[in-house]
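# Structure at a glance
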Amino acid sequence: MRMLPSFTLAAALGAVPVVAPAHPHVFVDTTLRVVTNAEGMLEGIEVSWTYDDFYSLLLFADLGLDQDGDSRLRPDEVRRLDGFDLQWIDGFEGDAYLLRDGTPIELGRPEGRGTTVAEGRITSTHFRPVSGRADGVVIRAYDPTFYTAYTLVGPVVVDGPCKAEVIPVDLDAAYSLAEELLYGGDYDPETEDYPAVGEAFADTVTLSCTG
């Protein structure tokens, strides 16, 4: 998880059984906006996470929000959610990974860009500064542990003279890999963490620039 869960959330999520093809406990729709300058140099990436209904409901309960149970929050309640998922634990990389020529690109600390609630689902947005040329950069959004499943939705917006191409993931291949790692080797669920298969379930975004 990206943050330290409270007792309520940890207990509720921990009660969900871990099954190979349905391992994720949290499901998040993700949108990306890449910011470049006129010369095609990266300035940052804006990430929005829209949490599934169940996780949103757990957060409402955990924070004592939505007392009338209508899944609609007052403005002051929405403000209480600001930054709730930016309290990252040590080692958490933000579940957004950028590569240039196969080499990881370092992203800056997240800057909150607000939180909204619509139809019972929480959406939070943050911005991470990043530098270097944008052309040829590869972006993937995933949780290595596959505890959280990210689904890239909508087009990837690019500000500046660049464009983004989205290569959809081959889900059949991803599930086959997960099953092979779980059942085709020496994996022991009693002593080992779930195999790091999250990247296999991620769409691939490639940037190209002109000028």
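Each remark here, short or long, concerns the structure printed above.
Description of the structure in this document. (Residues numbered from 1 in each chain as written. Predicted model: local features only at pLDDT ≥ 70, side-chain atom pairs only at ≥ 80, totals over all residues. Heavy atoms only, no water.)

## A word on the overall build of the protein
Summing up its helical and strand segments, the protein has four helices and eleven strands in all. Counting only residues that meet the buried cut, the protein has 44% of its 211 residues in that class. In the protein, of all internal contacts separated by at least 6 residues, the share reaching a separation of at least 24 is 73%. As presented, the protein carries roughly 11,100 Å² of accessible surface, and 53% of it is formed by carbon and sulfur atoms. (Helix = DSSP H or I, 4+ residues; strand = E, 2+ residues; numbered from the N terminus. Buried < 20%, exposed > 50% of the residue type's maximum accessible area, 1.4 Å probe, protein only. Contact = heavy atoms within 4.5 Å. Areas by Shrake-Rupley, 256 points an atom, 1.4 Å probe, with all protein chains shown as cover.)

## Some words on helix H2 (residues 53-63)
Each α-helix turn comprises 3.6 residues. Residues three or four places apart therefore point the same way. Along H2, the positions that sit buried rather than exposed are Tyr55, Ser56, Leu58, Leu59 and Phe60. Capping the start of H2, Asp52 holds a side-chain oxygen 3.0 Å from the backbone nitrogen of Phe54, two or three residues further along. Trailing H2 by a residue or two, Gly64 shows a phi angle of about 70 degrees, which is positive. (Polar contact = N/O pair within 3.5 Å; in protein donor to acceptor, adjacent residues only side chain to side chain.)

## Some remarks on the sheet that holds strand E4 (residues 103-104)
Spatially, the five strands line up as an open sheet ordered E4-E3-E7-E11-E10, and their pairing is antiparallel. Strands with a single pairing partner mark the edges of an open sheet, and in this sheet they are E4 and strand E10 (162-167). Examined bridge by bridge, strand E3 (residues 96-100) and strand E7 (residues 138-141) share four bridges and lie antiparallel to one another. When the sheet's bridge partners are listed, Tyr97 is paired in E7 with Arg140. (Pairing = 2+ DSSP bridges.)

## Quick word on the nonpolar core
By size, the foremost hydrophobic cluster in this structure holds 36 residues, and its most contacted members are Leu32, Leu42, Tyr51, Leu98, Ile139 and Leu207. A per-element tally of this core places strand E2 (residues 42-51) first, with five residues. The contacts of Ile139, once residues within four sequence positions are left out, are Leu32, Val34, Ile45, Tyr97, Leu98, Asp203, Thr204, Val205 and Leu207. Ala149, Ala174, Val197 and Phe201 belong to the second-largest nonpolar core, a separate cluster that totals six residues. (Core = buried A, V, L, I, M, F, W, Y, C linked by side-chain atoms within 4.5 Å.)

## What about the state of the cysteines?
Overall, the coordinates contain one disulfide when judged by the stated rule. A sulfur-sulfur distance of 2.1 Å marks the disulfide that ties Cys162 to Cys209. The S-S bond linking Cys162 to Cys209 shows a torsion near 100 degrees; that makes this disulfide right-handed. With Cys162 in strand E10 and Cys209 in strand E11 (residues 204-209), this residue pair connects regions lying 47 residues apart in the sequence. (Disulfide = S-S within 2.5 Å.)

## Some remarks on the packing of aromatic side chains
Working definition: an aromatic ring pair is given by the centre-to-centre distance plus the angle between the planes. For the structure on display, the rule yields seven aromatic pairs. Seen from their ring centres, Trp49 and Tyr150 are 6.0 Å apart, and the 45 degrees between their planes marks the pair as tilted. Remark: Tyr150 occurs in strand E8 (residues 148-152) and Trp49 occurs in strand E2; sequence separation between them is 101 residues. Take Trp49: its relative accessible area is 1%, and that puts it in the buried class. Assessed through its relative accessible area of 9%, Tyr150 is described here as buried. Through a chain of ring-to-ring contacts, the aromatic side chains of Tyr51, Tyr55 and Phe84 assemble into a single cluster. (Phe/Tyr/Trp six-rings, centres within 6.5 Å; stacked < 30°, edge-to-face > 60°.)

## Focus on the pairing of E3
Counting buried positions along E3 gives four out of five residues, so the element sits mostly inside the fold. With two bridges joining them, E3 and E4 adopt antiparallel strand pairing. Counterpart to Arg100 in the pairing with E4 is Thr103. What sits between E3 and E4 in their antiparallel hairpin is a turn of two residues, with Asp101 showing a positive phi close to 55 degrees.

## Quick word on the pattern of salt bridges
Per the counting criterion, the structure on display carries nine salt bridges. Two residues, Arg74 and Asp76, come together in a salt bridge whose shortest N-O distance is 3.0 Å. Residue class for Arg74 comes out partly exposed when judged on its relative accessible area of 47%. Through salt bridges with shared partners, a single ionic network connects Arg33, Glu46, Arg113 and Asp159. (Salt bridge = Lys/Arg side-chain N within 4 Å of Asp/Glu carboxyl O.)

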